[in-house]
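Single-letter residue listing:
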Amino acid sequence: TVQETDAAQAQRTAEQELSLAAEKEQTLIADLSGLQEQMPAREEAYQVHARELNDARENLATIDQRLASLGERVKAISTQIEELKGRDTRLEAELAGMRRPDAEALQMAIDRHAMAQRKVDEARQKAGEAQQRVPAADEARNIAQQQIQSANQELAQTEAKLTALTALQASVQAQGKIGPWLESKGLKESKRLWQELKVESGWEAALESVLRERLAAVTAKSVQETLALANDAPPSRLAILLTEEITPAHTSAPADFTPLLSRVQSAGAARLTSVLQEWLDNIYIASSLEDALHRREKLPAGGAFVTQQGHLVSRVGVQLYAADSEQAGMLARAQEMESLEKQLRAQQLMQSELKSELDQCVANYQAAHQAAEQARENAEHAVQESHGFEVERMQLTQAEEQYSQRAAQIQGELSELRQQMEQVSQTQEQSAAELLESEESKQGLQEALQVAQEKLERSTEERDRLRESLRAAEMAAQEAAFATRSLQQRIADLQRDQSTARTQIMEIQDKHDAA
C-alpha cells in the first residue's frame, strides 16, 4: 500500500541517515579519543613547566637570600678587619711602651740571694752544731756535779769516820790513870809500839792477842831511864821497849811453820825489829783453830799457834781471845786510820780534780750556751738578710716574668691577630668572589625564570586549547550519539508503524476475505 511504501521509504531514508550519523559518531569518538590521549601529556608538560617555574622561583629566592647573607658577611668581615687592625695597633703601641727590667740587676740580686742563702745554711749548721754541743756540755756538767757531790759525800764520810776513829784512839790512849803518869814523865807524846807497826790485813787481832799490853809499849832511851820509871811505878800495867842491841834467840821449828812476824809488814824504826823478834819468837800462824790444834804437837818448847781471831794454842793449852781491855782494837783502828788517811788524801785529790773538772765543765757549758745563742742570733740575722735579698730577687724576677709573659702574650696575640686578619682577608676575598658569582647566578636564574614562565604560559595555552577541543569533541560526540539514538528510535518507530500497518492490513484482508 501507499502507507507501506511511504513507511519503507522513510525507513530507508532513516537508515541512511543512521548510517551517516553512526559514521559521524565514530569519527567524533575517534577524535575525542585522540584528544583524550593528548591530555595527559599536556597535563604532564604543564606540571613539569609549573615545577620548573617553582624551582626557578625558589632558586631565585635562595640566591637572593645568599646574596643578602653574603652582603652581611662582607660587611661584618670589613668591620672585623677594622677591629683587628685597631687591636693590632694598640698591642704594638703597648709592646713598644713596655720597659724591660734590668737583667744585670736581676742577676746581681740572684747572686746576692744565693750568697746570703749559703750564709744562712752555714749559720744554721753552726747554730745546730753549737746547739748540739749544749746538751752534751750540760750533761757533762751534770755528771761532774753528780761526781763531785758523790766525792764530797764520800770525802765527808771518810773524814767523819777518820775523825771518829782518831777521837776514839785518842780517848783510849788518855783513859785510866796511865795518861797523867806518862804526862808527868814527859812521855805523853812518845809514840806507842802500835803506832809504828803495819800489819797484814786480818792479822791485827792475832798480834794484839800475843803482844797484849806490850802493843802500847813506850820506848825507853836507856836502861837507867827504865829503872827510873820502875822506881816510880805507874798506876797500871805498862810495857817498856828496850832498844839496846841483843843477841837473837835461836828456836827450832818445822819448815812449814809460818812465824807471826812475817805478817808484820813494817816495824817502823829498825831498832824495833829485834824487839818484835824477841816478843814474837816461837809464835806461828794457823789458818784456823782446828789447824792449830791438829799441829800443836809439832810446836817447839814454849811455842804457840795464833789464829786471825787472836786465839793462842800451845802444846798443852788454848787461850781464847776476846777484847778485854780498853786498848783492844787499837792496832786495827790504827791500820784503818792509816788506810782512811790515804783514802782521804786520795779523795781530796780526786775532789780537787773533780772541782777543776766541774769548773771546766761549767765554763764549757756557759761557753757552749753563749756560742749557741750567738750562733742562733747570727743565723737569725743571716735569715733576715737573706729574706731581704730574696724579696729583692722575687720583685725583680716577678717583674721580669711579668714583662716576659706580657711580651710573649702580646707577641702571641699579634701573631694570632695577623693570622686572623689573613684568614679574614681570605674569607673576604672568598665572600666577594661568592657574591660576584651569586650575582651572576641570579642573572642566569632570572633568565631561567623568564623562560620557565614562558614555557608555562605556552603549556597553559596548549592545555586550555586542548581542553576546549576536548569539550567541543565531547559535545559533538554526545550530539552525534543523540542523533544516532534518535534515528534508531525513529527507525524503530517506523518499523513498529510498518508492523502495525501490516497487522491492520492483514486484519482488513481477513475481514475482507471473511466478507
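Residues numbered from 1 in each chain as written. Predicted model: local features only at pLDDT ≥ 70, side-chain atom pairs only at ≥ 80, totals over all residues. Heavy atoms only, no water.

Here's the deal with the overall build of the chain
1) Next: Within the chain one finds eight helices and eight strands.
2) Next: Put simply, the chain has 515 residues, and 30% of those count as buried.
3) Next: Looking at the chain alone, contacts between residues at least 24 apart form 79% of all its contacts between residues at least 6 apart.
4) Next: Working note: accessible area of the chain is about 32,200 Å², and carbon and sulfur atoms make up 50% of it. (Helix = DSSP H or I, 4+ residues; strand = E, 2+ residues; numbered from the N terminus. Buried < 20%, exposed > 50% of the residue type's maximum accessible area, 1.4 Å probe, protein only. Contact = heavy atoms within 4.5 Å. Areas by Shrake-Rupley, 256 points an atom, 1.4 Å probe, with all protein chains shown as cover.)

Notes on the nonpolar core
1) Next: Membership of the largest hydrophobic core comes to 13 residues, with the highest contact counts inside it found for Trp203, Leu260 and Val306.
2) Next: Contributing elements (two or more residues each) for this core: β5 (283–285) and β6 (304–306). (Core = buried A, V, L, I, M, F, W, Y, C linked by side-chain atoms within 4.5 Å.)

Notes on the environment of Arg112
1) Next: Here Arg112 lies in helix α2 (residues 103–174).
2) Next: Apart from the residues within four sequence positions on either side, Arg112 is in contact with Phe389 and Glu392.

Quick word on the pattern of salt bridges
1) Next: Scanning the model with the defined rule gives nine salt bridges in all.
2) Next: Put simply, Arg295 and Asp291 hold a salt bridge, and the shortest N to O gap is 2.9 Å. Linking Arg295 with Asp291, this pair stays in helix α7 (residues 289–295), spanning four residues, or about one helical turn.
3) Next: Because the salt bridges share partners, they merge into one network encompassing Asp88, Glu92 and Arg418. (Salt bridge = Lys/Arg side-chain N within 4 Å of Asp/Glu carboxyl O.)

Comments concerning the side chain of Glu413
1) Next: Along the chain, Glu413 falls in helix α8 (residues 330–514).
2) Next: Non-local contacts of Glu413, meaning those with residues more than four positions away in its chain, are made with Arg87, Leu91 and Arg406.

A few points about unusual backbone geometry
1) Next: Positive phi is not limited to glycine here, since Asn282 has a value of about 65 degrees.
2) Next: Positionally, Asn282 belongs in the loop between α6 (271–279) and β5.
3) Next: By relative accessible area, which is 12% here, Asn282 ends up buried.

Description of the packing of aromatic side chains
1) Next: One pass over the structure, following the stated rule, counts two aromatic pairs.
2) Next: Grouping aromatic residues by their ring pairs yields a cluster made of Phe257, Tyr284 and Phe305. (Phe/Tyr/Trp six-rings, centres within 6.5 Å; stacked < 30°, edge-to-face > 60°.)

A short note on the confidence of the model for the chain
1) Next: Summing up the model confidence of the chain, the mean pLDDT is 75 and the portion of residues at 70 or higher is 80%.
2) Next: Highest mean pLDDT in the chain belongs to β5 (89); lowest belongs to strand β3 (residues 240–242) (65). (pLDDT = per-residue confidence, 0-100.)

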